[in-house]
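Commentary on secondary and tertiary structure
Below, each chain spelled out in residue letters.
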Amino acid sequence: MQVQVNHLKTYLDRISKSLDNYESDCQNFYNELNNASSYWEDEHAKKFFDSVLQEKIKIDTMQNEILSIKDVYKYMVESYEKIGNKLEFNLDLKEDTLYRIDTYIVKLENIISSYNSLNLSFCSKEKQTIENHKQKLIREVEYVQKVKENLKKTFGQIEEIEKNIQYKLSKLNLEIIKETDISGFIG
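Note that the structure is a prediction, hence the values are computed from the model and not measured. (Residues numbered from 1 in each chain as written. Predicted model: local features only at pLDDT ≥ 70, side-chain atom pairs only at ≥ 80, totals over all residues. Heavy atoms only, no water.)

Next up on the list: the side chain of Q63. Inspection of the secondary structure assignment puts Q63 in helix α2 (residues 43-81). Residue Q63 is classed as buried on the basis of its relative accessible area of 8%. When near neighbours in sequence (up to four residues on either side) are disregarded, Q63 contacts L19, Y22, E23 and C26. (Helix = DSSP H or I, 4+ residues; strand = E, 2+ residues; numbered from the N terminus. Buried < 20%, exposed > 50% of the residue type's maximum accessible area, 1.4 Å probe, protein only. Contact = heavy atoms within 4.5 Å.)

Following this line, the structure appears as C-alpha cells:
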C-alpha cells in the first residue's frame, strides 16, 4: 500500500470545500422551496411539500455521511502524518521482513561469536584491528535491533490505523438519493 499524506490533505480540502458549498446550496434551495409554499396552495402542493420534507431528511442524512467520510480522511491525515509524509508498506510481508532481520542479526552474532573464540596470542599486532572489527559488528547488531524495534512499532501503528479506518468505514451507510418524479405534483 502507498500513502501520501499530501494527497490525503488535498482530498480532505476538496471534500471540505465541496461539503460547504453543497450545504450552502441545499440551505438556499430549501429556503426557496419553503418560501414557495406560501404562494402555492392546492391539492398538489401538500403532497409536493411533504415530499420535499422527506427528501430534505435524506439530504441531511447524506450530508452527515459525507461528514463521516471527511472525518475518516482527517483521521488518516493526522495518523499517518505522525509516521511520515510518504509511506509504502505491505502488512502481508510484516512477518517475513521481521524474520529476515532476525536472520541477519543471528548471522552477525555468529560472526561475533567466531571472533570471541579466536586465539589472538600469536598476532599481537593485528589483535587491535580484529577487536575493532568485532566492536563494529556489535554496534551493527545493536543498530539493527533498534531498527527492528522501530519497524515493529511502525507496523503496529499502521495496523491500528488500518483497523480504525475499516471500522469507521463499516459504520457508513451511503444511500443513493433518486431523482424525484414530479409528474404526480402537476395537475
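Don't stop here, the text continues.
Where helix α3 (residues 94-116) contacts helix α4 (residues 124-170), the two axes come as close as 10 Å, and the packing angle between them is 165°. In terms of orientation, α3 and α4 fall into the roughly antiparallel class. The interaxial crossing formed by α3 with α4 has left-handed handedness. Broken down by class, the residue content of the contact of α3 with α4 amounts to 15 nonpolar, four polar and eight charged. (Axes fitted to C-alpha atoms, helices over the stretch in contact; angles between N-to-C directions. Parallel < 35°, antiparallel > 145°, perpendicular 65-115°, else oblique. Left-handed = near helix turned anticlockwise from the far one by under 90°. Nonpolar A, V, L, I, M, F, W, Y, C, P; charged D, E, K, R; others polar.)

Along an α-helix, residues three or four positions apart point the same way, because every turn accommodates 3.6 residues. In this model, α3 (23 residues) spans 33 Å end to end at C-alpha, consistent with the 33 Å of a helix rising 1.5 Å per residue. Of all the residues in α3, the buried ones are K94, L98, I101, I105, L108 and I112. Buried positions along α3 lie against α4. (Expected span 1.5 Å × (residues − 1).)

Checked against the element boundaries, E162 lands in helix α4. Discounting residues that sit within four places of it in the chain, E162 has contacts with M1, Y80, F89 and L91.

So, on to the environment of Q157. On the secondary structure map, Q157 appears in helix α4. With 16 residues separating them along the chain, Q157 and N173 place their C-alpha atoms 27 Å apart.

Core analysis: the biggest nonpolar cluster contains 14 residues, and V3, L8, M76, Y80, F89 and I165 have the highest contact counts within it. Only α1 (5-36), α2 and α4 provide two or more residues apiece to this core. Ranked by residues supplied to this core, first place goes to α2 with five residues. Every residue in contact with I165, bar those within four places of it in the chain, is listed here: V72, Y75, M76 and Y80. Membership of the second largest hydrophobic core comes to eight residues, among which are L33, A45, F48 and I59. (Core = buried A, V, L, I, M, F, W, Y, C linked by side-chain atoms within 4.5 Å.)

Okay, the packing of α2 against α4 next. Where α2 contacts α4, the axes come no closer than 10 Å and their chain directions differ by 175°. One way to sum up the angle between α2 and α4 is to call them roughly antiparallel. Each of V72, Y75, M76, S79 and Y80 in α2 lies in contact with α4, whose residues at this interface are I158, E160, I161, E162, N164, I165, K168 and L169. The residue makeup of the contact of α2 with α4, split by class, is eight nonpolar, two polar and three charged.

What follows deals with the pattern of salt bridges. Considering all chains together, one arrives at nine salt bridges under this definition. With a closest N to O distance of 2.5 Å, K9 and E81 form a salt bridge. Residue K9 is found in helix α1, and its partner E81 is found in helix α2; the two are separated by 72 residues along the sequence. E81 sits in the partly exposed class, given a relative accessible area of 41%. When the shortest N-O distance is used, the salt bridge between E131 and K134 registers 3.9 Å. In this pair, E131 and K134 both sit in helix α4, three residues apart, roughly one turn of the helix. Taking relative accessible area as the criterion, E131 reaches 29% and is therefore assigned partly exposed. (Salt bridge = Lys/Arg side-chain N within 4 Å of Asp/Glu carboxyl O.)

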